[in-house]
Amino acid sequence: MQLTPADTDKEKSSCCCCGPKIRKTISSWNAGDYFGAILCRISNRYRMRYRVDPGLYSLGSPTAEAKVFVTANYKLSFDHLRKGLNGLDAWILVLDTKGINVWCAAGKGTFGTDELVRRIGSEKLAEKVSHKNIIVPQLGAPGIAAHEVKKKTGFKIVYGPIRSKDIQAFIVNNNVVTPAMRSVTFTLSERTVLAPLEVVAIVKKAIVPLLVVALVMGLQKQGIMFHQMETLTMPIIIALAAAIITGCVLHPLLLPFLIVRSFALQGLFLGLLVSVCLHFSGMFSNVSVFGQAMTYVLISALSSYLAFNFTGSTPIANKSGVKKELKIAVPLYIGAAVAVLLLLVLYKISQEGLL
Amino acid sequence: MKYLHDVATIAISHDKCTGCGMCIDVCPRNVIAMKDKKTFVNDKDACLECGACAKNCAFDAITGDFGVGCATAMINGLLRFGNPDKGTCDCDGTSGATGCC
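As the structure is a computational prediction, the values presented were derived from the model and not from experiment.

Q: Explain the overall build of chain B here, please?
A: The number of helices and strands found in chain B is 3 helices and 4 strands. Beginning at the N terminus, the succession of helices and strands in chain B can be written as β-α-β-β-α-β-α. Counting across all 101 residues of chain B, residues that qualify as buried make up 46%. Within chain B, contacts between residues at least 6 apart in sequence are counted, and of these 40% link residues at least 24 apart.

Q: Would you mind showing me how to read unusual backbone geometry here?
A: Leaving glycine aside, a negative phi is the common case for residues, and trans is the common case for peptide bonds. If you check the backbone angles, A:Asn174 has positive phi at about 55° while not being a glycine. Here A:Asn174 is to be found in the loop between α9 (167-172) and α10 (188-192). Although it is not a glycine, B:Asp6 adopts a positive phi angle of roughly 60°. Of note, B:Asp6 is situated in the segment before β1 (11-12). Under the C-beta neighbour-count criterion, B:Asp6 is labelled exposed, with 8 such atoms within 10 Å.

Q: It is not clear to me how the nonpolar core should be interpreted in this structure. Could you clarify?
A: Most often, soluble globular proteins have nonpolar side chains that are buried together. Ranked by size, the top nonpolar core spans 66 residues in total, and within it A:Ile92, A:Ile144 and B:Cys53 carry the most contacts. Here this core takes 6 residues from strand β4 (residues 90-95) of chain A, the largest share from any one element. Apart from residues lying up to four places away in sequence, A:Ile92 is in contact with A:Thr25, A:Tyr57, A:Leu59, A:Phe69, A:Thr71, A:Leu81 and A:Arg82. Grouped together as the second largest cluster of nonpolar side chains are 46 residues, A:Leu197, A:Met217, A:Leu302 and A:Ala317 included.

Q: Help me understand the pairing of strand β6 (residues 156-160) of chain A in this model?
A: Looking along a regular strand, one sees the side chains alternate between the two faces of the sheet. All names here are of chain A. By the bridge criterion, 5 bridges tie strand β5 (residues 133-137) to β6 in an arrangement that is parallel. Pairing of isoleucine 134 across the sheet is with isoleucine 157, part of β6. Assessed by its sense of winding, the connection that carries the chain from β5 through helix α8 (residues 146-153) to β6 is right-handed.

Q: Please explain the interface of chain B and chain A as it appears in this structure.
A: Interface size is commonly expressed as the accessible area that is lost once the parts come together. At the junction of the two partners, chain B supplies 44 residues and chain A supplies 49 residues. Of all the secondary structure elements, the ones that give two or more residues to the side of chain B that touches chain A are α1 (22-26), α2 (52-55) and α3 (71-81) of chain B. When residues in the side of chain B that touches chain A are grouped by element, the largest group, 6 residues, is from α3(B).

Q: What's the story with the pairing of strand β3 (residues 38-41) of chain B in this structure? I'm lost.
A: All names here are of chain B. Looking at chain direction, strand β2 (residues 32-35) and β3 are connected through 4 bridges and run antiparallel. Across the sheet, residue isoleucine 32 finds its bridge partner in β3, namely valine 41. Counting the residues between successive antiparallel strands, the hairpin from β2 to β3 contains 2 residues, one of them, aspartate 36, with a positive phi of roughly 50°.

Q: When you look at helix α12 (residues 226-254) of chain A in this model, what are you seeing that I'm missing?
A: For α12(A), which comprises 29 residues, the first-to-last C-alpha distance of 39 Å matches the rise-based estimate of 42 Å (1.5 Å per residue) to within 8%. Helix geometry: α12(A) is bent most strongly at A:Thr246, by close to 35°.

Q: Before we go on, may I ask you to explain the domain arrangement of chain A in this structure?
A: Residues and elements named next belong to chain A. The domain boundaries assigned to chain A delineate domain 1 (18-184) and domain 2 (189-351). Between the C-alpha centres of domain 1 and domain 2 there is a distance of 40 Å. Contact residues are listed per partner, giving 4 residues for domain 1 and 6 residues for domain 2. Residue composition of the side of domain 1 that touches domain 2, by class: 2 nonpolar, 1 polar and 1 charged.

Q: Would you mind showing me how to read the environment of B:Asp6 here?
A: Separated by 35 residues in sequence, B:Asp6 and B:Val41 have C-alpha atoms that sit 12 Å apart. Sequence-distant contacts of B:Asp6, that is, excluding residues within four places in its chain, are made with B:Lys44 and B:Asp45.

Calculation notes
Residues numbered from 1 in each chain as written. Chains lettered and ligands numbered in written order. Predicted model: local features only at pLDDT ≥ 70, side-chain atom pairs only at ≥ 80, totals over all residues. Helix = DSSP H or I, 4+ residues; strand = E, 2+ residues; numbered from the N terminus. Buried ≥ 20, exposed ≤ 12 C-beta atoms within 10 Å, placed from the backbone. Contact = placed C-beta atoms within 7 Å. Core = buried A, V, L, I, M, F, W, Y, C linked by C-beta atoms within 7 Å. Pairing = 2+ DSSP bridges. Right-handed = clockwise from strand over helix to strand, strands pointing away. Expected span 1.5 Å × (residues − 1). Bend = angle between axes of the 7 residues up to and from the residue. Domains from an automatic or database assignment. Nonpolar A, V, L, I, M, F, W, Y, C, P; charged D, E, K, R; others polar.

Following this line, the structure appears as structure tokens:
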């Protein structure tokens with residue numbers, strides 16, 4: 001759309017003459033905030049758009065002496081911070097991290113020194129506050145070099161606690177974090193909350209291949225027969241569901257109790273265990289030996305793949321380790337995919353009585 | 001909960017370290033400890049290689065292959081570019097694909 005001269009004037013008057021706008025916010029959550037916090041744990045699409053505008057926000061009635069807290073523009077990050085600041089008058093400086101949380105954005109550099117320095121300048125922070133201290137969440141540290149920010153802006157960074165619920169204690173403690181406040185945890189609830197997104201993601205990926213397989217399974221001389229399709233596809237659906245539940249739910253829940261440290265192996269062993277259980281439960285007793293072999297390979301390999309993909313969501317895995325696992329895991333998954341396809345073909349042929 | 005034994009690449013130069021303790025403050029896994037006013041890697045297997053310590057060391061005393069230990073991103077990189085370091089998941093905020101964090 002072409003802007004008319006009048007439009008450009010309007011744009012100018014709304015953004016450029018009056019300095020950066022300070023937005024107001026409050027610490028309490030409304031129903032929409034609670035709803036959003038749940039929905040972004042289920043829908044990736046929603047989560048990727050769950051954002052607030054970057055910039056400076058005032059919480060309560062902050063004076064020039066009020067503390068400045070920095071966060072990302074993922075709305076859940078912002079919401080947790082303002083909730084943790086309950087009862088305080090403070091400034092919140094929101095960086096543009098493209099809607100990604102503090103830790104992930106710090107790892108990718110968007111929650112970084114450059115963006116912080118730019119934002120301190122564009123929001124004219126030095127004119128808003130009379131002091132030279134800003135509080136950055138500790139998990140932002142992989143992206144931010146405190147000494148460089150000090151050199152470039154004069155602002156001294158104090159790394160605050162990891163969890164926003166510790167902020168009040170941190171302030172009472174004269175801006176000092178205790179060792180517990182700076183240690184990342186991975187509790188049962190922290191692990192559980194991640195499972196729905198993982199399940200939704202893999203189910204979405206599996207639907208089309210499953211439909212194709214179902215159609216092939218239903219193929220008869222007379223055309224595609226629904227009854228045949230149902231009989232032959234059901235074991236595949238069960239195996240697929242078992243793999244997803246094992247890799248995306250069972251694995252994160254059991255994580256602290258698994259002796260093996262490799263994520264790919266953790267998933268593989270859990271998958272094998274579940275395969276054996278299903279086998280001996282008689283679930284697949286009407287399935288040919290090829291079909292049964294297929295369930296073993298599918299459940300073990302897919303569960304391993306899903307568990308391995310969980311590394312990025314954990315505060316346990318590291319880059320060098322994932323690289324090491326990758327060298328064995330990826331060829332294994334490719335091999336398993338080929339094996340599953342072959343076994344599916346043999347399964348179909350054998351069920352037709354041709355083998 | 002610890003990851004693979006002895007793979008983390010973090011190293012601290014004894015000569016460059018001034019003992020300021022900044023790395024200890026930013027480490028989320030208590031990997032680094034202080035002894036005789038110098039820091040050292042005390043719990044290597046707990047290291048996430050997030051790079052917070054190196055980034056915040058004003059004396060360049062800490063080295064390592066830092067980054068995100070995310071299999072989603074690395075598998076992507078390996079399959080698309082033949083290099084695990086080049087892959088991304090949706091944490092870079094550009095794609096709407098499914099992913100980790």
